[in-house]
Structures are given as structure tokens and as C-alpha cells.
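# Chain and residue survey
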Amino acid sequence: MGFPVGYSQDSRLPAEFEITDYCYPCGSGKKNLLAVQVFRWSDGSYLEDQDHWWMSGIHRDVLLLSKAQVFIADYFFKSNLSENFASADIEVEVKIESSQEIPIDNIFDNFTVEAALYDTGNWYNSEESANLLSSNVANLKLTHSPMGILGFLGNVLEGKLEKPKLWSAEQPNLYILVLSLKDETGQVVDCESCLVGIRQVSMAPKQLLVNGCPVIIRGVNRHEHHPRVGKTNIESCMIKDLVLMKQSNMNAVRNSHYPQHPRWYELCDLFGLYMIDEANIETHGFHLCKHLKHPTQEQSWAAAMMDRVISMVERDKNHACIISWSLGNESSYGPNHSAAAGWVRERDPSRLVHYEGGGSRTTSTDIICPMYMRVWDIVKIANDPTEPRPLILCEYSHAMGNSSGNIREYWDAIDSTFGLQGGFIWEWVDQALLKESGGGRKHWAYGGDFGDTPNDLNFCLNGLTWPDRTPHPALEEVKYVYQPIKVSLEDSTIKITNSHFFQTTQGLEFGWTVHGDGYELGSGILSLPLIEPQGSYKLEWESGPWYPQLASSFSEEIFLTITTRLLHSTRWVEAGHVISSTQVQFPTRQNIMPHVIKTADTKIFSEALGDTVRVSQLNVWEITWNMQTGSTESWKVGGVPVINKGIIPCFWRAPTDNDKGGEKDSYYSQWKAAGIDSLVFQTKSCSVKSTTDDLVKIEVVYVGVPICEEGSLSESTNATALITVNMIYTIYSSGDLIIECNAIPSSELPPLPRVGVELHLEKSVDQIQWYGRGPFECYPDRKAAAHVGVYEQNVGDMHVPYIVPGECSGRADVRWVTFQNKDGVGIFASIYGSSPPMQMSASYYSTAELDRAMRNEELVQGNDIEVHLDHKHMGLGGDDSWSPCVHDKYLVPAVPYSFSIRLCPITAATSGLEMYKSQLQN
């Protein structure tokens with residue numbers, strides 16, 4: 001029969017129990033058995049209602065620790081910097097305890113405690129063994145009697161450090177603190193040590209200051225999650241997170257929504273991340289209990305809430321990375337929060353207090369910390385003269401599936417508005433678990449896949465990385481808006497800004513590359529003077545080393561890319577890593593007229609065969625047109641089938657998670673209610689308008705009609721037509737096909753998913769080259785990081801395997817694109833006339849298939865490649881995922897649209913650029 005020795009309810013913080021009296025001593029011949037009983041639910045569960053997997057078990061290390069009879073029980077390292085940061089007063093509170101009933105006076109009469117500080121910074125810069133004694137920079141002396149501080153029974157040691165190396169996320173300088181407890185003979189009976197940082201966190205009007213500087217928080221929220229072991233922590237996974245965060249220009253993390261594994265804090269100290277440490281308190285669903293008073297307003301819950309906050313602070317108080325304590329998450333607001341905030345402020349005035357609940361502006365928070373507030377609203381608060389606190393978004397840019405649109409708008413505001421100091425993206429990792437699906441196959445499982453009820457389905461799949469930490473394409477956009485070196489072109493001046501607060505550009509290398517029409521014209525190293533923190537340097541673009549290439553170029557478009565690389569390796573990356581890359585467009589040197597077709601000398605051949613029209617040039621190309629449907633049946637190049645159907649209008653996309661957010665108000669619900677999801681185009685008329693030796697012109701009028709619930713078309717086509725599209729296809733003897741599209745949607749329709757054309761390629765035509773933004777997936781409201789250039793990929797690699805499929809694989813601002821087989825035979829497509837660059841995608845999966853499948857593994861490839869060339873494509877949104885939040889400028893309103901696209905055959909003998917240039921009017 002065992003002895004119960006303790007009970008704890010906070011599943012994330014340590015619970016310590018004294019078990020000396022219950023243990024058999026060595027040599028007794030008896031075995032000790034430590035047993036732990038884990039309860040699935042308790043009243044503490046009401047305080048742990050976070051949006052994540054609720055997993056049973058112990059998620060922290062279990063240790064048996066043996067200490068001397070008199071030992072160091074706890075300590076609190078504090079530093080107080082001088083006004084000019086030239087010196088630091090060091091103070092360490094040390095708590096001494098005894099496992100036996102020894103009077104306090106006897107302990108202090110017979111034992112002494114010492115503290116020393118060591119600078120280990122040069123240990124790693126030499127191949128010789130570290131010299132501990134020479135690295136000693138401060139010895140702390142006992143300055144207070146045990147009862148000298150109200151309410152503190154222990155020792156206070158003080159010292160002074162001249163010229164301290166300050167800790168920040170940019171320069172995470174650390175010292176080692178060593179505490180020694182000695183008996184009356186001078187023998188060490190106990191010792192403790194940890195890494196500590198010297199830094200100052202303070203406030204100024206509308207500013208959070210670190211070491212006197214208003215640092216910008218480029219942050220992310222992080223749940224503890226591993227795809228195989230769930231909430232259990234593996235150090236290599238923590239390091240992988242930190243490495244990828246730092247490589248993505250992140251400098252801050254919010255522990256959502258509970259204190260995390262102790263090793264995480266040590267690693268954040270080492271790597272350099274500002275941290276908000278959050279208490280394990282969330283009462284997310286309690287608002288549904290209308291008949292009960294909320295725990296935050298109940299005195300009977302005060303002790304439980306206070307215990308969680310106090311335990312977090314006491315465990316983590318010595319970590320330099322923590323700049324703010326959080327009282328929890330989404331737990332409404334009440335007097336229990338006020339009590340917790342008061343305790344924290346008294347116990348640790350060196351840090352700020354953070355809490356979003358109650359509207360993010362209560363007296364219990366030192367930071368205005370809203371979640372998912374719109375850009376215009378955060379600017380309004382920042383400009384409020386009555387609000388003295390800075391605004392830092394505790395959650396923003398909900399990265400669920402194909403998301404993170406509009407994030408550049410947030411950072412345009414943050415970079416230009418005093419009082420805005422950044423935020424924490426929601427969130428870091430897709431919380432899916434690896435599950436066997438039979439036959440040795442595995443897939444990413446989400447809510448409900450284990451028979452778990454209730455569940456949130458895929459609502460926890462909202463990370464910037466997949467569960468295995470493979471980055472989503474959106475992480476490229478985050479890295480871009482977070483980059484510390486900013487480059488802009490203002491009139492004729494290039495401005496390069498170092499937005500670091502503590503680092504100069506001494507350890508950076510600046511490179512430049514100039515592209516003309518997507519192809520490199522020249523590159524080199526850009527020699528710049530040292531740029532101080534928060535400083536900038538300006539140069540006239542015509543005086544740059546790239547100008548000779550520009551002066552001799554006749555390119556239609558010229559882009560300059562300035563790239564910043566690290567000259568030296570760090571803990572988190574090798575030398576040469578790109579921390580910033582910005583592309584600017586130079587003004588063109590010549591006026592470019594609209595593109596026109598230059599017809600060939602050979603004659604075009606056409607013939608009508610029943611319901612089809614065949615247009616060709618012997619042994620070069622052949623197009624077969626179905627006059628009943630108004631679409632192409634085939635397009636052959638050199639006898640090789642390339643297009644097998646299509647070149648028809650398209651206005652629908654496979655809904656994303658954001659499209660579905662908002663229930664009846666969601667874009668998806670609006671589209672379904674209007675019938676856009678079931679739109680079928682009927683051919684109202686199709687006729688050959690003219691035939692000459694040089695061209696054949698076919699005009700088709702389509703009407704978009706929704707399919708009724710029973711699967712049949714509406715009886716009255718004219719009465720139910722949602723969109724009328726007039727398409728003029730002009731086929732020239734050169735092989736060019738010019739599509740002129742005029743779309744007239746009903747004015748009563750909601751914003752459209754897309755406006756463009758759809759065509760289907762043979763599966764062998766799987767090599768894609770395009771001139772536009774890339775190389776990764778990008779959309780109208782998430783394209784800042786995607787530079788304009790010429791890129792190549794195959795169709796399979798274009799697909800982005802979001803765990804829940806939807807619209808994906810798009811590339812923005814495409815001027816031209818080629819689709820070719822392994823022999824170079826295929827189709828060229830480009831903008832034409834005055835039409836702007838288009839949105840392009842190509843996939844083995846049809847739009848219907850991307851809409852049908854609930855998991856990426858369920859997708860079934862079609863028999864061809866579905867290609868979309870869009871004149872307009874709606875943005876992704878991302879301000880949140882539960883309301884329609886695509887910004888107005890990225891919506892596609894239901895108004896008339898006119899655009900033109902050029903298609904023509906291509907072979908290995910011709911490049912996409914040559915095809916594009918061939919239609920220029922100089």
C-alpha cells in the first residue's frame with residue numbers, strides 16, 4: 001500500500017513533492033516504487049480550454065532529485081542598468097532551505113552563500129580550453145540580513161558589472177551565474193547555476209523599450225506540438241523551430257497558451273527571441289454556460305488562477321528572453337485578473353504584464369494587445385492621444401491553409417505608425433498528427449480522425465509550417481515583411497535602411513542583380529558605408545554599379561534586386577544566409593506600345609466538318625473547334641496533341657479555409673447561394689465571323705447558368721443567366737490564337753472568385769516556364785516576397801499539399817508562360833494588348849477535385865492538366881478565418897471585365913521570351 005504525497009492540477013508547470021520520509025534508504029533491501037495517477041478531467045480543466053489537442057498524460061520530465069540537508073531552494077537574478085547602460089548593479093535573492101527542522105539562525109550561522117558571474121562569450125571563439133577563472137567578471141557579496149527584506153527569508157547578494165554585454169534578440173549575450181553554498185569549513189555543500197542576461201525592459205509613451213530602444217516585435221505564436229508524440233517535447237524539434245524562426249527573421253514568440261518546457265526558455269535565451277510567457281489559463285468555452293458566473297469573477301476561483309500565474313513567474317523568472325508575463329488567454333476579464341496583475345507587478349517590476357481579455361485595454365495589461373484587429377482599427381488606436389500604451393497584436397494573420405493575405409498591409413501600417421510595435425502571427429505549426437491509414441500509408445490527421453467527439457475538425461491546422469516543420473509558402477511572405485534591411489525606390493533615389501536597433505551592417509554583405517524582362521543583365525557586390533542601427537543610406541539609381549547594364553538594355557521591364565547576406569555563421573544559420581531581399585522596378589527607357597500579332601506569309605487552312613471547324617497550317621499546328629460547345633476539342637503542334645479541351649470562361653475556384661469562414665456570411669456561402677459554385681456555361685451562339693488567307697475569327701456567346709439541386713440545368717437560360725461572356729477567338733496564320741473576352745456578370749452577384757479562362761493540357765505537357773512572380777505560390781494579396789523573374793517547374797511540383805485541399809499553386813503577375821513536354825513541344829500563353837499581368841495555375845487536380853477531397857491524400861489526379869489564366873483573382877484573406885475579410889482592393893466585384901490573352905504553339909527551337917518579344921510594337 002503506497003502513500004499519497006501530493007496533488008497538482010496545472011498540467012504544464014512542475015509540481016514538487018518532498019518524499020524523503022517515504023523512501024527506503026540504500027542498503028535496506030527494499031525497492032522504492034514511484035507511481036503517478038493522471039486524471040483526465042478535473043475542475044482545473046475549466047481553466048485549460050485552449051484550442052489544441054487535449055491529450056492525457058504527463059508532458060513534462062519526471063525527476064527524482066537528491067539535495068543536501070541544507071540546500072539552495074530558489075534564487076532570483078536581477079540587474080539594474082545605469083542610465084547610459086555603462087554599468088549594471090547585480091542583485092541575486094537566494095532562498096536557503098533545510099530538509100530537517102534546523103532553526104533559521106543556525107543555518108545562517110553555519111552556512112554562507114556566494115555568487116559569481118562569468119562571461120563565456122570568448123569561450124567559443126578560441127580553440128583553447130575555456131579558462132573559468134579569467135572569465136569571472138563579478139563577485140557578489142552578501143549585503144542584507146535574512147530578515148532585511150519584507151516577506152523574504154533568505155540572502156541577498158549584490159555586485160556591480162562595468163561595461164556589461166547586453167542581451168537582446170539581435171545580440172543574445174549571456175553570462176553564467178554560479179551560486180555556491182558553503183558550510184563553516186568552507187566546503188561546498190550545494191551549488192546552482194544558470195545562464196542569465198542583462199537587459200532592461202521599460203515603457204515610454206506608446207513604446208515598449210528593450211535597453212532603451214523601441215524594438216519592433218516580429219513574432220509568432222507557438223503551441224507545443226509534435227506530429228508523432230503530441231504534446232511531449234523533443235529538444236531537436238525545439239531547436240528546429242528556433243532555427244527556422246530565426247531564419248525567417250522572427251525575433252519574438254508568444255507561448256500559447258501555457259508555460260512551455262523549461263528547455264525552450266534556455267534555447268530562446270541562447271538563440272535570441274523575445275518572449276511573452278503565458279499562464280495556463282483559458283476559459284474559452286465558458287461563455288456558453290450562461291447560468292454560471294464566470295470563473296474570473298468568482299472569488300472561489302481566485303486561488304486557482306493566482307496559483308497558475310505565480311507558479312509560472314517563480315519557475316521562469318531568471319530567463320532574459322521573457323519581456324512580458326501574460327495572465328492567460330481568452331478568459332474574459334474579472335477581479336481575479338486584477339489580483340494576478342497586481343501580484344506580478346509587485347513581484348517582478350522589471351517586466352510588463354500582458355492580457356488580451358476584456359477588450360485588450362484593461363488596467364491589467366501594460367500593452368494594448370488585441371487579436372485579429374483590422375489594420376485601420378489598430379492605426380486608430382495608435383493615433384489616439386489619450387492612450388499611452390503601445391499596441392502589439394497578440395494574434396493576427398490567421399495562417400489557416402492557403403492564407404496570410406493582407407499581411408503586407410499590416411506591416412506598412414506598423415512601419416509607418418508611431419505606437420504600433422508589431423505582433424504575433426497565429427500560428428507556427430499545423431497541429432496535425434501522423435496516423436497510419438492502412439497499407440503502410442500515413443497521413444496528417446486532424447479533429448475527428450480518431451473518433452474524438454467533440455472536435456474542431458481542421459481548425460487547428462493554422463500554422464506557417466506543416467507538422468514536420470516544412471514551411472508553407474506563406475512563410476516566405478512573413479520573412480519578407482519581417483526583414484530587417486529595407487530597400488525602397490523613391491523617385492530617382494534608392495534608400496537602404498537598417499531597421500535593427502542594436503546591430504550595424506558590419507557583418508552583412510550587400511549584393512545586386514539586374515534583370516531585363518526576367519533575364520539577368522548583370523550582378524555584383526554593392527559597396528556601402530557602415531549603416532548604424534536605425535540608420536539609412538541613399539544613392540541615386542543612375543550612379544549605381546548596375547547603370548551600365550541598364551543604359552545598354554532595350555528590355556521592356558527592368559528590375560533591380562538588392563540582397564543582404566550574413567558574412568559569418570551564427571547559432572542558427574551558416575554564412576551566406578539571405579536575411580533580406582527586395583526588388584524594385586526601374587522606369588523603362590522607351591515607350592512600349594501594345595502588343596500586336598505579326599502574321600506569317602503562309603496561308604491558313606480551314607474546313608468545316610459537321611459540328612467542328614478545323615484550322616491548321618500543314619504539319620505545323622492544327623486546332624479543332626467544336627461549334628456546338630464553342631470550345632476547342634484539340635490543339636496539335638507538329639502532330640503532337642497539346643490541348644485536349646477548353647479555352648472556356650471560368651469564374652469558380654476551390655474554396656479555401658478562409659473562403660468558408662463566416663458561416664452564412666462567408667464568401668463560400670454567398671457563392672453557393674448565388675449559384676456560382678454550380679455554374680455551367682451554355683453556348684448561346686457560336687459562329688465563324690470571318691475567314692481570310694491570314695486568319696479565322698470565331699465568336700462565341702456563353703451564358704453561365706447554375707445547376708439546379710436535382711442536377712439539371714435551369715429551364716429558362718436567359719432568366720437564370722448569372723454571367724454572359726462574349727469570346728472572340730482569332731486564329732492567325734502564324735499559329736497565334738488571340739482571345740478577346742468580355743464578361744458581364746449580374747450586378748446582384750457577390751464578389752467573384754476569379755475571372756479568367758480554363759483550358760486542359762495533355763498530361764505529358766508538364767514542364768512550365770513563366771515570367772512573373774515566383775518561384776513559390778503567390779496571390780494578389782500575398783506576393784510581396786515573390787520577385788518578378790523567369791522560373792521553371794513541373795506541374796507536380798507546382799501543387800502545394802495543404803492538409804485540407806483548396807485553391808492552391810497560383811502564381812501572380814504572370815506576363816507569359818510556356819507549357820511544354822520533354823521534347824519542348826507545347827503552348828505559349830501571354831497577356832495581350834493592354835491587359836495587365838495575369839494569375840496562373842496548373843494542376844493535375846481539377847477544381848472540382850480540390851473542392852471534393854477533405855485530405856491531400858484523398859486527391860485523385862485527372863486525365864489531363866487543368867490550367868487557369870486569370871485576368872482577376874480574388875485575394876486569399878487572412879485577417880482571420882471566421883469572417884469574410886479579403887480587403888476591398890483584392891476583391892473581384894461583379895462588374896463587366898474585358899481582357900485579352902495570346903496563345904500560340906511553341907517548340908524547343910523557340911523560347912518564351914522570343915515569343916513574347918515577337919508581338920512587341922517598338
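Residues numbered from 1 in each chain as written. Predicted model: local features only at pLDDT ≥ 70, side-chain atom pairs only at ≥ 80, totals over all residues. Heavy atoms only, no water.

Counted only if it meets this: UniProt positions are given in the numbering used here, feature names are shortened, and annotations may be inferred rather than shown by experiment.
The protein appears in an unreviewed UniProt entry as beta-galactosidase from Salix viminalis. In the Sequence similarities (unreviewed entry) part of its UniProt record, the protein is described as follows: "Belongs to the glycosyl hydrolase 2 family." Reading the Catalytic activity (unreviewed entry) entry of the UniProt record for the protein gives the comment "Hydrolysis of terminal non-reducing beta-D-galactose residues in beta-D-galactosides."

### Points about the overall build of the protein
The test is simple: Numbered from the N terminus, helices here are DSSP runs of H or I no shorter than four residues, and strands are runs of E no shorter than two. Within these notes, the globule rule equals 2.2 Å times the number of residues to the 0.38 power, and the radius of gyration is based on C-alpha atoms. Pairs of residues are marked as contacts when any of their non-hydrogen atoms sit within 4.5 Å. Throughout, the Shrake-Rupley method with a 1.4 Å probe supplies accessible areas, and for residues the shown protein chains are the sole cover considered. We score Asp and Glu as negative and Lys and Arg as positive, and we do not count His or the chain ends. Just so you know, the charge point we use is NZ for Lys, CZ for Arg, CG for Asp and CD for Glu.
Helices and strands together make up the secondary structure of the protein, namely 15 helices and 43 strands. Taken over the C-alpha trace, the protein has a radius of gyration of 33 Å; the compact-globule value for 922 residues is 29 Å, and the two agree within 12%. Counting only C-alpha atoms and orienting by the principal axes, one finds that the protein spans roughly 110 × 65 × 60 Å. Pairs at least 24 apart in sequence give 69% of the contacts found in the protein among residues at least 6 apart. By element, 51% of the accessible surface of the protein is carried by carbon and sulfur atoms, the whole surface being about 39,800 Å². Mean positive and mean negative side-chain charge positions of the protein (73 and 113 charges, respectively) differ by 1 Å.

### Some words on the packing of aromatic side chains
To keep things clear, this is the line we draw: Pairing of aromatic rings covers Phe, Tyr and Trp, the last through its six-membered ring, and needs centres within 6.5 Å; plane angles under 30 degrees mean stacked, over 60 mean edge-to-face, and all others mean tilted.
Counted by the stated rule, this structure contains 26 aromatic pairs. A centroid spacing of 6.0 Å and a plane angle of 25° characterise the contact between W466 and Y802, whose relative ring orientation is stacked. Of this pair, W466 sits in the loop between β18 (441-445) and α8 (474-481) while Y802 sits in the loop between α13 (795-798) and β38 (811-814); the two residues are 336 residues apart in sequence, bridging distant segments of the chain. A ring pair is formed by F651 and F681, whose centres lie 5.6 Å apart and whose planes are at 35°; its orientation type is tilted.

### Re the layout of surface pockets
Spelled out, the test is: Residues are said to line a cavity or pocket when one of their atoms sits within 4 Å of a point; the points come from a 1 Å grid over protein atoms alone, cavities being sets where a 1.4 Å probe fits but cannot get out and pockets being open sets with protein on both sides within 12 Å along at least five of seven lines. Grid points are joined across faces, edges and corners, and a volume is the space filled by probe spheres set on the points. Only Asp, Glu, Lys and Arg are considered charged in this grouping, and only Ala, Val, Leu, Ile, Met, Phe, Trp, Tyr, Cys and Pro are considered nonpolar; every other residue, Gly among them, is considered polar.
Looking at the second largest pocket, its volume works out to about 1,300 Å³. As for the second largest pocket, its lining consists of 36 residues, of which E170, Q171, P172, Q503 and T570 are closest to the centre. In terms of residue class, the lining of the second largest pocket is made up of 15 nonpolar, 15 polar and six charged.

### Section: the sheet that holds strand β35 (residues 754-762)
Sheet strands pair by backbone hydrogen bonding; their relative direction is either parallel or antiparallel. Here is the rule we go by: A pair of strands is labelled paired if DSSP reports no fewer than 2 bridges between them. The axes used here are C-alpha line fits, helices contributing only the stretch in contact, and every angle between their N-to-C directions lies in the interval 0 to 180 degrees.
The antiparallel open sheet is built from nine strands, whose spatial order is β26-β27-β28-β29-β30-β35-β42-β41-β38. Looking at the sheet topology across the chains shown, the edges are occupied by β26 (605-609) and β38. Direction aside, the axes of adjacent strands within the sheet are offset by 20° on average. Pairing of β35 with strand β42 (residues 864-873) involves nine bridges; the strand directions are antiparallel. Bridging from a neighbouring strand, H760 pairs with E866 of β42.

### Re the environment of A252
Take A252: it is sitting in strand β11 (residues 252-255). On a C-alpha basis, the gap between A252 and D611 in space is 65 Å, while along the polypeptide they are 359 residues apart. Residues within four places of A252 in sequence aside, it is in contact with I217, R218, G219, V220, L273, Y274 and F424.

### Considerations on the sheet that holds strand β21 (residues 508-516)
If you walk across this open sheet you meet the four strands as β22-β21-β24-β25, and the pairing is antiparallel. This sheet does not close on itself; its edge strands, each paired only once, are β22 (519-525) and β25 (578-586). This sheet shows a mean twist of 20° between the axes of neighbouring strands, independent of strand direction. Pairing geometry for β21 and β22, over six bridges, is antiparallel. If you follow G511 over to β22, its bridge partner there is I525.

### Here we look at the pattern of salt bridges
For the record, the criterion: By convention in these notes, a salt bridge is any Lys or Arg side-chain nitrogen within 4 Å of a carboxyl oxygen on Asp or Glu. Only protein chains enter the calculation, and the probe is 1.4 Å; a residue is then buried if its accessible area is under 20% of its type maximum, exposed if over 50%, and partly exposed in between.
Taken as a whole, this structure holds 49 salt bridges when the rule is applied. Residues K165 and D119 are paired through a salt bridge, measuring 2.9 Å at the closest nitrogen-oxygen approach. Pair noted here: K165 is in the loop between β5 (155-162) and β6 (175-183) and D119 is in strand β3 (residues 111-119), with a separation of 46 residues, a long-range link. Residue class for K165 comes out partly exposed when judged on its relative accessible area of 38%. Here E607 makes a salt bridge to R614, at a shortest N to O gap of 3.4 Å.

### A word on empty space enclosed by the protein
Taken as a whole and assessed by the stated rule, the structure comprises eight cavities of 30 Å³ or more. The space that makes up the largest cavity amounts to roughly 80 Å³. Taken together, A654, R754, E807, C808, S809, S841, S843, Y845, T847, L850, E866 and H868 make up the lining of the largest cavity. Going through the elements one at a time, β41 (838-843), α14 (847-852) and β42 are the ones with two or more residues in the lining of the largest cavity. Of the residues assigned to the lining of the largest cavity, the class counts are four nonpolar, five polar and three charged.

### Digging into helix α3 (residues 262-271)
Structurally, the α-helix is built with 3.6 residues per turn, so residues lying three or four positions apart point the same way. Here α3 lies mainly inside the structure; seven of its 10 residues are buried. Every buried residue belonging to α3 is among W264, Y265, L267, C268, D269, L270 and F271, and all of these are buried. Directly after α3, the chain includes G272, whose backbone phi takes a positive value near 95°.

### Structural notes on the packing of helix α2 (residues 235-247) against α3
The packing of two helices is summarised by the inter-axis angle and the distance between the axes. For the record, the criterion: Put simply, a crossing is left-handed when the front helix is turned counterclockwise from the back one by less than a right angle, and right-handed when it is turned clockwise.
Relative orientation of the contacting elements α2 and α3 amounts to 35°, with a least axis distance of 10 Å. As α2 runs across α3, the sense of the crossing is right-handed. Here E235, M238, I239, D241, L242, V243, M245 and K246 of α2 come into contact with α3, specifically with R263, W264, L267, C268 and F271. Looking at side-chain class alone, the contact of α2 with α3 contains nine nonpolar, no polar and four charged residues.

### A closer look at the side chain of H799
Position of H799 relative to the elements: it lies in the loop between α13 and β38. Once residues within four sequence positions are removed from consideration, H799 is found in contact with C808, S809, Y845, L850, N856 and L859.

### Overview of a nonpolar patch on the surface
The cut-off we apply is this: Each patch is built from salt-bridge-free residues with over 30% relative accessible area, joining like charges within 9 Å and nonpolar side chains (Val, Leu, Ile, Met, Phe, Trp, Tyr) within 5 Å.
Judged by side-chain polarity, L34, V36, V38, I58, V62 and L64 come together as a nonpolar surface patch covering roughly 570 Å² of accessible area. Position of V38 among the secondary structure elements: in the segment before β1 (70-81). We classify V38 as partly exposed; its relative accessible area is 43%.

### Section: the environment of H257
Our working definition: Counting of polar contacts relies on pairs of N or O atoms within 3.5 Å, with two restrictions inside protein: one atom must be capable of donating a hydrogen and the other of accepting it, and residues adjacent in sequence are counted only when both atoms are side-chain atoms.
Assignment of secondary structure puts H257 in the loop between β11 and α3. Considering only alpha carbons, one finds H257 and V696, 439 residues apart in sequence, at a separation of 65 Å. Here the side chain of H257 touches E278 through a polar contact of 2.6 Å, side chain to side chain.

### Here we look at the nonpolar core
Applicable threshold: Take the buried residues of types Ala, Val, Leu, Ile, Met, Phe, Trp, Tyr and Cys, join any two whose side-chain atoms come within 4.5 Å, and each joined set is a nonpolar core.
Membership of the largest hydrophobic core comes to 115 residues, with the highest contact counts inside it found for Y274, I494, I496 and W546. The greatest single-element share of this core, amounting to six residues, is contributed by α3. When sequence neighbours within four positions are dropped, the list of residues in contact with I494 reads V487, S488, L489, Y537, K538, L539, W541, W546, L560, I562 and F586. One finds I698, L722, I731 and A743 within the second-largest nonpolar core, a separate group that totals 79 residues.

### Notes on the pairing of β18
Here strand β17 (residues 433-438) runs beside β18; their pairing, made up of five bridges, is antiparallel. Each bridged residue has a counterpart across the sheet, and for L433 the counterpart in β18 is A445. As consecutive antiparallel partners, β17 and β18 are separated by two residues, and within that stretch G439 has a phi angle of approximately 70°, a positive value.

### Some remarks on the packing of helix α6 (residues 375-382) against helix α7 (residues 407-416)
Selection rule: When describing relative orientation, an angle under 35 degrees is termed roughly parallel and one over 145 degrees roughly antiparallel, while 65 to 115 degrees is termed roughly perpendicular and anything else oblique.
In the contact formed by α6 and α7, the axes pass within 10 Å of each other and the chain directions differ by 15°. By the angle between their axes, α6 is roughly parallel relative to α7. Here the hand of the crossing between α6 and α7 comes out right-handed. Contact residues: V375, I378 and V379 in α6; E409, Y410 and A413 in α7. For the contact of α6 with α7, the per-class residue count stands at five nonpolar, no polar and one charged.

### Some words on helix α4 (residues 302-316)
Stated precisely, the cut-off is as follows: One fewer than the residue count of a helix, multiplied by 1.5 Å, yields its expected span. Throughout, the arc means the angular range of directions from the helix axis out to the C-beta atoms.
For α4, built from 15 residues, the straight-helix expectation of 21 Å at 1.5 Å per residue is met to within 8% by its first-to-last C-alpha distance of 21 Å. What α4 keeps buried is the set A302, M305, M306, R308, V309, M312, V313 and D316. Projection of α4 onto a plane perpendicular to its axis shows the buried side chains occupying an angular sector of 160°, all on one side. In this fold, the buried residues of α4 make contact with α3, β12 (274-278), β13 (322-326) and α5 (335-347).

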